[in-house]
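Examining the three-dimensional arrangement
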Amino acid sequence: MQNTVKTGLSRRKFLFGSAAALAAPLILPSRLFGQASPSNTLNVGIIGCGNRFRTHKTIGQIPGVRVVAVCDVWDERATVGKAQIDETNGDTHCKTYGDFRDLIADTEVDVVIIGAPDHWHALIAIAAANAGKHIYLEKPFAYSVEEGRAVINAVRRNGVILQHGTQQRSSAPFQRAAYLAQGGLIGDVNTVYAISPPGPSGGDPSKTQIPAGHNYDLFTGPAPKTPFYLDMVTRSGTAARGGPPGWYFTSVFGGGWVTAWGSHHVDSAQFALGKDHEAPVKIEAKGLYPEKGMFDTAHSWYAELTYADGKKIIYCTPDRPECPKMPGANIIAVGEAGWVAANRGKVWSSQPGLTERNWPKDNPALQLMDRGGQMDHFQSLVDAIRYGTPVNAPMEIGQLSTTLCHLTSIGIETQRLLNWNSSAERFVDDPQADRLLGRSMRAPWTLA
């Protein structure tokens, strides 16, 4: 490498770890595309027309990719979603479904984007894999550690491709921060901070009328039967602060900001620490829960995730006294000779000019580093399907980074030191904590 970068990291090894090297273009098997697809078109179905739909629909901007179906348990949202797709496509072909199983059964659909609530991720992903559909799975990877493992098994069994929705993996600032941290430019890095916004309190329990056309029983699905409140499915309440609907912060449906932001920032932290294929062995966490309202996921926390070599990811909210006071930072990699921080807009360092001076822009092996964002993340999936190249966010890394978030949540709940056996995906001699790695599903839903 040129400049003063003392590292043997190739572009492929750096971005994808042990993923297979870039393959030659493949002759695509007939199962790759739906029966009605032109040979050069990937047809996409989007499940979930809520908070993330405005981003998911942009996959249709990629040449040769077309959104042909949308699905939502709320008729109104499915109708609005179809109208937006039709406007983009310039026709009225896009189909609407109220049940994800019907969209997955649609033979025209080649790729399924899963933007449903967290508690549905695994079941929908498994159904899509079993139907031979490729998958874009929103973060967090799954509602629980056990469900995430079931997704990986189904994807492997069916030979489909899955891209995890951690688009920061395709974002230049985080790639650059990881490159600087792993390349020794701030000395040996022993700690990376992942910083999440504090979670909200709220959830108005007085508004309980289910909106017309909303299939709340199907929304609930495998989760326990739960009283409905309007803030759960609308952007009211948290909307004033730009937040998502309240199911994010209702523990039977989601993990709150611990898993929602953690799936991004903890993932970027393990990327920077060079731990994409290694789990911590010790977890110590503490946190606070809302004292009023329907939201019941942790809103403030501090967790230390320690690896066998003593290196750490520290995952915290900025209101905690132990958290570094560096406004705007999503991750901070701390080395013996300085630090580097990143968010979705920039990367900066304790060493003036470091982020530019040592960035080998003239090295063609690193050109992807100056790109980045959601469209590149979608493009990574499309290229993987068409040409056999590795995705930017492989499912194994997605399972691992989301597991770290789940371990944080379990640490907050148990309020004690936890020892982790990554090969078994179980705690060491702690059956009580092991019970929090999965859940019983409401009949008739099951992982089997």
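See the structure above.
Residue numbering note: each chain is counted from 1, following its sequence as written. The predicted nature of this model means local features are confined to residues of pLDDT at least 70 and side-chain atom pairs, given and counted, to a pLDDT of 80 or more, with totals for whole chains, interfaces and linings taken over all residues. Side-chain figures throughout are based on the complete set of non-hydrogen atoms in the structure, without hydrogens or water.

**Describing helix α13 (residues 395–414)**
Using the following cut-off: To qualify as a helix, a DSSP run of H or I must reach at least 4 residues; to qualify as a strand, a run of E must reach at least 2; elements of each kind are numbered from the N terminus. Under the convention used throughout, the expected extent of a helix is 1.5 Å for every residue step, that is, one less than its residue count. In this scheme, a residue with accessible area under 20% of its type's maximum is buried, one over 50% is exposed, and one in between is partly exposed, where area comes from a 1.4 Å probe on protein chains only.
Taking 1.5 Å of rise per residue, the 20 residues of α13 would be expected to cover 28 Å, and the 28 Å separating its terminal C-alpha atoms lies within 8% of that figure. Most of α13 is tucked away, with 17 of its 20 residues classed as buried. Immediately downstream of α13, the backbone of Gln415 shows phi near 55°, a positive value.

**Notes on unusual backbone geometry**
Along the chain, Lys139 connects to Pro140 via a cis peptide bond; the corresponding omega equals -10°. Mapped onto the fold, Pro140 is located in the loop between β5 (134–137) and α6 (145–158). In this model, Gln415 sits at a positive phi of 55°, which is unusual for a non-glycine residue.

**Description of the nonpolar core**
Counted only if it meets this: We define the nonpolar core as a collection of buried residues of types Ala, Val, Leu, Ile, Met, Phe, Trp, Tyr and Cys that are connected through side-chain atoms lying within 4.5 Å of one another. The contact rule is simple, with two residues in contact once any of their heavy atoms fall within 4.5 Å.
If you look at the biggest cluster of nonpolar residues, it comprises 96 residues, and the most contacted ones within it are Ile47, Ile135 and Val151. Residue contacts for Val151: discarding those within four places in its chain leaves Ala122, Ala125, Ile126, Leu137, Phe141 and Leu162. Within the second largest apolar cluster, 19 residues are counted, among which are Leu42, Ile46, Cys49 and Ile385.

**Overview of the side chain of Asp434**
The condition is simple: Only four residue types enter the tally: Lys and Arg on the positive side, Asp and Glu on the negative side; His and the chain ends are excluded. The term salt bridge refers to a side-chain nitrogen of Lys or Arg lying within 4 Å of a carboxyl oxygen of Asp or Glu.
Of note, Asp434 is situated in helix α14 (residues 431–434). No salt bridge is formed by the buried Asp434. Its closest oppositely charged neighbour is Arg426, at 4.5 Å. With residues near it in sequence (within four places) discarded, Asp434 still touches Arg426 and Phe427.

**Quick word on the pattern of salt bridges**
Pairs can form between side chains of opposite charge once their charged atoms are near each other. Going through the model one piece at a time under the given rule, you end up with 20 salt bridges. Among the ionic pairs, Arg156 bridges to Glu396, the shortest N-O distance being 3.3 Å. Of this pair, Arg156 sits in helix α6 while Glu396 is found in helix α13, placing the two residues 240 residues apart along the sequence. The class of Glu396 is partly exposed, set by a relative accessible area of 35%. Salt-bridge contacts for Asp276 lead to Arg169; the nearest nitrogen and oxygen are separated by 2.6 Å. On the criterion of sequence distance, the pair formed by Asp276 in the loop between α10 (262–273) and β8 (282–288) and Arg169 in the loop between β6 (162–164) and α7 (172–182) is long-range, its members being 107 residues apart. Judged by its relative accessible area of 3%, Arg169 is buried. One salt-bridge network, held together by shared partners, links Lys95, Asp106 and Glu108.

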